[in-house]
Amino acid sequence: MSKRRVVVTGLGAITPVGNDVATTWQNIVAGKSGIGRITRFDPTPFASQIAGEVKDFDVTQFIPAKDARRMDRFVHLGLAAGIEAFKDSGIEVNEQNADRIGVCISSGIGGLPMIEDTQNDYLASGPRKISPFFIAGTIINMISGNLSIIYGLRGPNFAVVSACTTGTHSIGEAMRMIQYGDADVMIAGGSESSVCPLAIGGFAASRALSTRNDDPATASRPWDKDRDGFVLGEGAGVLVLEEYEHAKARGAKIYAELAGYGASADAYHITAPNMDGPKRSMLNALRDAGLTPDQVQYVNAHGTSTPLGDKNESDAIKAAFGDSASKIVVNSTKSMTGHLLGGAGGIESLFCVLAIHNQISPPTINIFEQDSECDLDYCANTARSMKIDVAMNNNFGFGGTNGTLVFRKV
């Protein structure tokens, strides 16, 4: 059977630079950093004391306070982005279409803050202090589950967990559900909220985090020669994916087409990157889209600001694109949001869609002196109006898992 076409008809975002899509995109294009000193707890004992926190977020604008108390924050953020995206799509659920609308909004880590707090309550006061909602409030598929309940969506409902590739794989697998007829609409993306002592401590112990605590706004600096690690971020990005003819029939606003999805494994090392895996992920996505490397104008890179990872991805792009690599604009919006872990693929795919929709590449901020070993065009420090017919999003995760999505103008 031939695969059905899939388009993007709704967008939702909660990020360190804005609590909706419009504000987030405005600040991303303006090159505004969302990184600051951690406020969620006292970070003084930690080597890294900075993060991209979501600010002034009121979950009760989206769900009742009673329900919110039973969920970890990653569920709050994912639901808020999912609700915004679904409203943006304009889809109305009824008895005829409810079975054909599904959800796949995932998280890489899930409810770590609630797990941490519950363990502290248990140690202080015993098992009676463990909430009956503890498990249901922390497990990763609960964004999808709760959103389906809010809207009565009875289609495929699941979550994909693959570390920092989670959001990308979730969107790709949701795309497949539509392509092969299991759904007509899927709400898909990623969410993460792990700005807590255990996560900061764990990543800092592995020397993955930036320790530029005295200047948080410039701490995330992909491809700069003085980059010293990533900055943890939180937030959510969600897309509404829809079968093309279904969207056309209801007169939907179409932002872009999701044309290709590629995945691969490094089969090399749990945390250290390998160039071959990302290269194959990108080529797999292009092959799935029926496109060639010279047709891509823009890549939203994984670009975490780690010394090893940034060079590895640049080398992988050059290996995948060959002579075309020097003509592509590559950027890392993590320079502004920090690294959203399992939420990264959701929000960075959304940025690809908006780059196509608005014909503009966001900047990579904080490139003060570009690393000579990273020699692509990283759209340094200033957004650029440009022709973007095809955009690619990359995300790579611990365990050597890679995911790539290809979007194109409709």
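Whatever comes next refers back to the structure up there.
All residue numbers refer to position in the chain's written sequence, counted from 1. Local features in a predicted model are, by the rule used here, given only for residues with pLDDT of at least 70; side-chain atom pairs are given and counted only at 80 or more, and totals for whole chains, interfaces and linings are based on all residues. The basis for the side-chain values is all heavy atoms of the structure; hydrogens and waters are excluded.

Enquirer: Help me understand the side chain of Thr-15 in this model?
Expert: Counting through the fold element by element, Thr-15 comes out in the loop between strand 1 (6–14) and helix 1 (21–29). The classification of residues rests on relative accessible area computed with a 1.4 Å probe and restricted to protein chains. Under 20% of the type maximum is buried, over 50% is exposed, and intermediate values are partly exposed. Its relative accessible area of 1% is what places Thr-15 among the buried residues. By definition in these notes, contact holds between two residues if any of their heavy atoms fall within 4.5 Å. If we skip the residues at most four places from it in the chain, Thr-15 touches Thr-24, Val-54, Glu-234, Ala-236 and Ile-347. Put simply, DSSP marks the helices as runs of H or I at least four residues long and the strands as runs of E at least two long, and each gets a number from the N terminus on.

Enquirer: Can you help me understand the layout of surface pockets in this one?
Expert: The gaps of empty space that remain are located by a probe, the size of a water molecule, rolled over the atoms. We place a 1 Å grid over just the protein atoms. Points where a 1.4 Å probe fits but has no way out form a cavity, open points with protein on both sides within 12 Å along at least 5 of 7 lines form a pocket, and any residue with an atom within 4 Å of a point lines it. Grid points are joined across faces, edges and corners, and a volume is the space filled by probe spheres set on the points. In this model, the largest pocket occupies a volume close to 590 Å³. In this structure, the largest pocket is lined by 34 residues; those nearest its centre are Thr-271, Pro-273, Thr-306, Gly-309 and Phe-398. Elements with a minimum of two residues in the lining of the largest pocket: helix 11 (307–321), strand 12 (390–397) and strand 13 (401–408). Ranked by residues supplied to the lining of the largest pocket, first place goes to helix 11 with 6 residues. If you add up the space inside the second largest pocket, you get close to 290 Å³. Forming the walls of the second largest pocket are 18 residues, and the residues nearest its centre are Asp-72, Pro-113, Met-114, Glu-116 and Asp-117. In terms of residue count, the dominant contributor to the lining of the second largest pocket is helix 4 (residues 112–125) (6 residues).

Enquirer: I keep staring at the sheet that holds strand 6 (residues 235–243) and nothing clicks. Help me out?
Expert: A strand pair is defined by DSSP finding two or more bridges across the two strands. Pairing is mixed in the open sheet, where 9 strands are placed in the order 4-5-6-1-7-13-12-8-9. Two strands bound the open sheet, and with one partner strand each, they are strand 4 (101–106) and strand 9 (329–331). Across the sheet, the axes of successive neighbouring strands diverge by a mean angle of 25°, strand direction being ignored. Here 8 bridges tie strand 1 to strand 6, and the two strands are oriented antiparallel to one another. Lines are fitted to the C-alpha atoms to define the axes, a helix being fitted only along its stretch in contact, and any angle between axes, read from their N-to-C directions, falls within 0 to 180 degrees.

Enquirer: What am I meant to see in helix 6 (residues 142–151) here?
Expert: Because each turn of an α-helix spans 3.6 residues, side chains separated by three or four positions end up pointing in the same direction. Burial of helix 6 is extensive: 7 of the 10 residues sit out of reach of the surface. In this fold, the buried residues of helix 6 make contact with helix 3 (73–89), strand 4, helix 5 (134–138) and strand 5 (185–192). Downstream of helix 6 by one or two residues, Gly-152 has phi in the positive range, about 70°.

Enquirer: Can you help me understand the packing of aromatic side chains in this one?
Expert: Geometry of an aromatic ring pair is reported as the spacing of the ring centres plus the angle between the planes. Each Phe, Tyr or Trp ring (for Trp, its six-membered ring) is paired with any other whose centre lies within 6.5 Å, and the angle between the two planes then decides the class: stacked below 30 degrees, edge-to-face above 60, tilted in between. For the coordinates displayed, the defined rule picks out 7 aromatic pairs. Here the aromatic rings of Trp-25 and Phe-351 are separated by 6.2 Å at their centres, their planes lie at 35°, and the arrangement is tilted. With Trp-25 in helix 1 and Phe-351 in helix 13 (residues 344–358), the pair connects residues that are 326 residues apart, well separated along the chain. On the basis of relative accessible area, Trp-25 is assigned to the buried category, the value being 12%.

Enquirer: Can you walk me through the side chain of Thr-337 in this structure?
Expert: The residue Thr-337 is located in helix 12 (residues 334–337) in this model. By relative accessible area, Thr-337 is classed as buried at 1%. Those residues in contact with Thr-337 that lie beyond four places of it in its chain are Pro-16, Ile-28, Ile-35, Gly-52, Gly-233 and Phe-351.

Enquirer: I'm lost on a nonpolar patch on the surface in this one. Help?
Expert: Note on patches: the residues involved have over 30% relative accessible area and no salt bridge, like charges join within 9 Å, and the nonpolar side chains Val, Leu, Ile, Met, Phe, Trp and Tyr join within 5 Å. For accessible areas, the Shrake-Rupley method is used with a probe of radius 1.4 Å. Any residue's cover is judged against the shown protein chains and nothing else. Definition used for salt bridges: Asp or Glu carboxyl oxygen within 4 Å of a side-chain nitrogen of Lys or Arg. On the surface, Tyr-122, Leu-123 and Ile-130 cluster together into a nonpolar patch covering about 290 Å² of accessible area. Considering the arrangement of structural elements, one finds Ile-130 in the loop between helix 4 and helix 5.

Enquirer: How should the pairing of strand 1 be read in this particular structure?
Expert: Strand residues, when the strand is regular, have side chains that alternate between the two faces of the sheet. With respect to burial, strand 1 is a largely interior element, 9 of its 9 residues being buried. Examined bridge by bridge, strand 1 and strand 7 (residues 256–265) share 3 bridges and lie antiparallel to one another. Pairing of Val-6 across the sheet is with Leu-258, part of strand 7.

Enquirer: Looking at this structure, I do not really get the pattern of salt bridges. What am I missing?
Expert: Two side chains that carry opposite charge are able to pair once their charged atoms sit near each other. One pass over the full model with this rule turns up 28 salt bridges. Here Asp-315 and Lys-318 are joined by a salt bridge, their closest N and O atoms 3.8 Å apart. Of the two residues, Asp-315 and Lys-318 both sit in helix 11, 3 residues apart, roughly one turn of that helix. The buried category is assigned to Asp-315, whose relative accessible area is 19%. Shared partners join several salt bridges into a network, and the residues in it are Arg-40, Glu-53, Arg-73 and Glu-234.

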